[in-house]
Amino acid sequence: MPTILGQNQYGKAENRVVRITRDGDTHHIKDLNVSVALSGDMDDVHYSGSNANVLPTDTTKNTVFAFAKKYGIESAEQFGIHLARHFVSSQEPIRIARIRIEEYSWERIETSGGNSRFIGADEVKHSFVRKGQETRTAQITYDGEKWEVISGLKELSVLNSTNSEFWGYVKDEYTTLKEAHDRVLATDVSAKWRYNWTSDEARMPNWEKSYEQARKHMLEAFAETYSLSLQQTLYQMGSRIINSRSEIDEIRFSLPNNHHFLVDLEPFGLKNDTADGAVYFAADRPYGLIEATVLRDGIEPRIPVDLTNL
């Protein structure tokens, strides 16, 4: 045979599942986008078309929805663990299950006392508005013995209006950028962090608390770092998380530098100076792209370096 089969996987991608639980008049919502990828003894289906070892992707879809009802959704990570364990333990040909999840957050809509009385309720606890801050992500991989859980977020927009500089860089015949000693620093954070929990024998992290704390330390480091480069800020964000959360060993960032350029207003007789408040042009492209991994000392990196496909 002139060719052989390489790595392969299959499953049902982007299953949108919404789970609403009711605590009396107070409702709670979990909104996930779940993708299942299964791999194992699948040579025959590729070589001969035999489906003897194939669990239909439609079945994986049904499992996602059934498990949302059966187990509920405590967290994206815990839900992924339930699914991965099920597929590997219930289907002998399946050796590895990888579950990728995006979670979309909702917050409760606050209503006025007058309006709530008008519709006949003392307090409305079932109406939500979609949060636009970021999308939470999780990837759970299980091979029947060991777990790998990589959590994260994407599209978290942050901006510092000062306490950022950029100067002292290499200059050649093509350099036109002026040095800046007071600039806007803005980015849309994409980050993935890997947990050191790998075994059912070990104590499982509190996934919800860990996510909230990692996000908090990330934002605090961004705000509190006097930045001489976006690279410096990235490293401080990662270090803060690693040093504060013992369950996390590795974190990788992809940070576009969302440039804010001072507008030249001199033709109109106006001085556009940062000292007294400035007007900027927010450029969406091209943009600098800063990416790096921050690790606990002695840990080998495992998060793939390509987060952006650029």
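The structure we're discussing is the one just above.
Residues numbered from 1 in each chain as written. Predicted model: local features only at pLDDT ≥ 70, side-chain atom pairs only at ≥ 80, totals over all residues. Heavy atoms only, no water.

A. Geometry of the overall build of the protein. When you go through the protein residue by residue, the secondary structure sums to 6 helices and 12 strands. Along the three orthogonal principal directions, the C-alpha set of the protein runs to about 75 × 70 × 35 Å. The buried share of the protein, reckoned over its 310 residues, is 39%. Of the roughly 18100 Å² of accessible surface on the protein, 48% is carried by carbon and sulfur atoms. In the protein, the 36 positive side-chain charges and the 46 negative ones have mean positions that sit 5 Å from each other. (Helix = DSSP H or I, 4+ residues; strand = E, 2+ residues; numbered from the N terminus. Buried < 20%, exposed > 50% of the residue type's maximum accessible area, 1.4 Å probe, protein only. Areas by Shrake-Rupley, 256 points an atom, 1.4 Å probe, with all protein chains shown as cover. Lys, Arg positive; Asp, Glu negative; His and termini not counted. Charge placed at Lys NZ, Arg CZ, Asp CG, Glu CD.)

B. Focus on the packing of helix H5 (residues 207–224) against helix H6 (residues 230–244). Interhelical geometry of H5 versus H6 gives an angle of 140° and a closest axis separation of 8 Å. As the angle between them shows, H5 and H6 are arranged oblique. Judged by the twist between their axes, the crossing of H5 over H6 is right-handed. On H6, the residues touching Ala214, His217, Met218, Glu220, Ala221, Phe222 and Glu224 of H5 are Thr233, Gln236, Met237, Arg240, Ile241 and Ser244. (Axes fitted to C-alpha atoms, helices over the stretch in contact; angles between N-to-C directions. Parallel < 35°, antiparallel > 145°, perpendicular 65-115°, else oblique. Left-handed = near helix turned anticlockwise from the far one by under 90°. Contact = heavy atoms within 4.5 Å.)

C. How the structure looks around the nonpolar core. Of all hydrophobic cores here, the largest spans 54 residues; its most connected members are Val34, Phe79, Val189, Trp193 and Met218. Counting residues per element, this core draws most heavily on helix H3 (residues 76–90), at 7 residues. Residues within four places of Trp193 in sequence aside, it is in contact with Val149, Ile150, Ser151, Gly152, Leu153, Tyr211, Ala214, Met218, Ile248, Glu250, Ile251 and Ile303. (Core = buried A, V, L, I, M, F, W, Y, C linked by side-chain atoms within 4.5 Å.)

D. Fine view of the packing of aromatic side chains. Taken as a whole and assessed by the stated rule, the structure comprises 7 aromatic pairs. With a centroid separation of 4.8 Å and 20° between ring planes, the pair formed by Phe166 and Tyr169 is classed as stacked. Here the aromatic rings of Trp197 and Trp207 are separated by 5.9 Å at their centres, their planes lie at 80°, and the arrangement is edge-to-face. Of the two residues, Trp197 sits in the loop between strand E8 (185–195) and H5 while Trp207 sits in helix H5, which places them 10 residues apart along the sequence. Taking the relative accessible area as the measure of exposure, Trp207 reaches 2% and is therefore buried. Through successive ring pairs, a cluster of aromatic residues spans Tyr142, Trp147, Tyr195, Trp197 and Trp207. Note that Arg136 overlies the ring of Tyr211, its terminal NZ or CZ placed 4.3 Å from the centroid. If you follow Lys171 out to its NZ or CZ, it ends over the ring of Tyr169, 4.5 Å from the centre. (Phe/Tyr/Trp six-rings, centres within 6.5 Å; stacked < 30°, edge-to-face > 60°. Lys NZ or Arg CZ within 6 Å of the ring centre and 35° of its normal.)

E. Representation of the environment of Thr59 within the structure. Of note, Thr59 is situated in helix H2 (residues 57–70). Taking the C-alpha atoms as reference points, Thr59 and Lys12, 47 residues apart in sequence, are found 8.7 Å from one another.

F. Looking closely at the sheet that holds strand E3 (residues 94–104). Strand order in the open sheet formed by 8 strands is E1-E2-E3-E6-E7-E8-E9-E12, with antiparallel pairing between adjacent strands. Among the strands making up the open sheet, the edge pair consists of strand E1 (15–23) and strand E12 (288–295). Going from strand to strand, the sheet's axes swing by 20° on average, the running direction of each strand aside. Packed onto the sheet, H5 meets strand E2 (26–40), strand E6 (135–142), strand E7 (147–160), E8 and strand E9 (248–257) and runs at close to 35° relative to E7. (Pairing = 2+ DSSP bridges.)

G. Region of interest: unusual backbone geometry. Put simply, Arg285 and Pro286 share a cis peptide bond, and its omega is -5°. One non-glycine residue, Glu155, adopts positive backbone phi at about 65°. Within the secondary structure, Glu155 sits in strand E7. One non-glycine residue, Asn163, lies in positive phi territory at about 60°. As for its position among the elements, Asn163 is in the loop between E7 and E8.

H. Representation of the side chain of Ser35. Along the chain, Ser35 falls in strand E2. Among the polar contacts made by the side chain of Ser35, one reaches the main-chain amide nitrogen of Glu14 at a distance of 2.8 Å. The contacts of Ser35, once residues within four sequence positions are left out, are Lys12, Ala13, Glu14, Arg98, Ile99 and Arg100. (Polar contact = N/O pair within 3.5 Å; in protein donor to acceptor, adjacent residues only side chain to side chain.)

I. Local environment of the packing of H2 against H3. Relative to each other, H2 and H3 sit at 130°, their axes nearing to 11 Å. In terms of orientation, H2 lies oblique with respect to H3. For the pair H2 and H3, the sense of crossing is right-handed. Only Phe79, His82, Leu83, His86 and Phe87 of H3 make contact with H2, whose side of the interface consists of Thr60, Thr63, Val64, Phe67 and Ala68.

J. How the structure looks around a negative patch on the surface. Together, Asp41, Asp43, Asp44 and Glu92 make up a negatively charged patch on the protein surface. In this fold, Asp43 is placed in helix H1 (residues 43–47). (Patch = residues over 30% accessible without salt bridge, like charges linked within 9 Å, V, L, I, M, F, W, Y side chains within 5 Å. Salt bridge = Lys/Arg side-chain N within 4 Å of Asp/Glu carboxyl O.)

That's the geometry; what it means functionally is another story.
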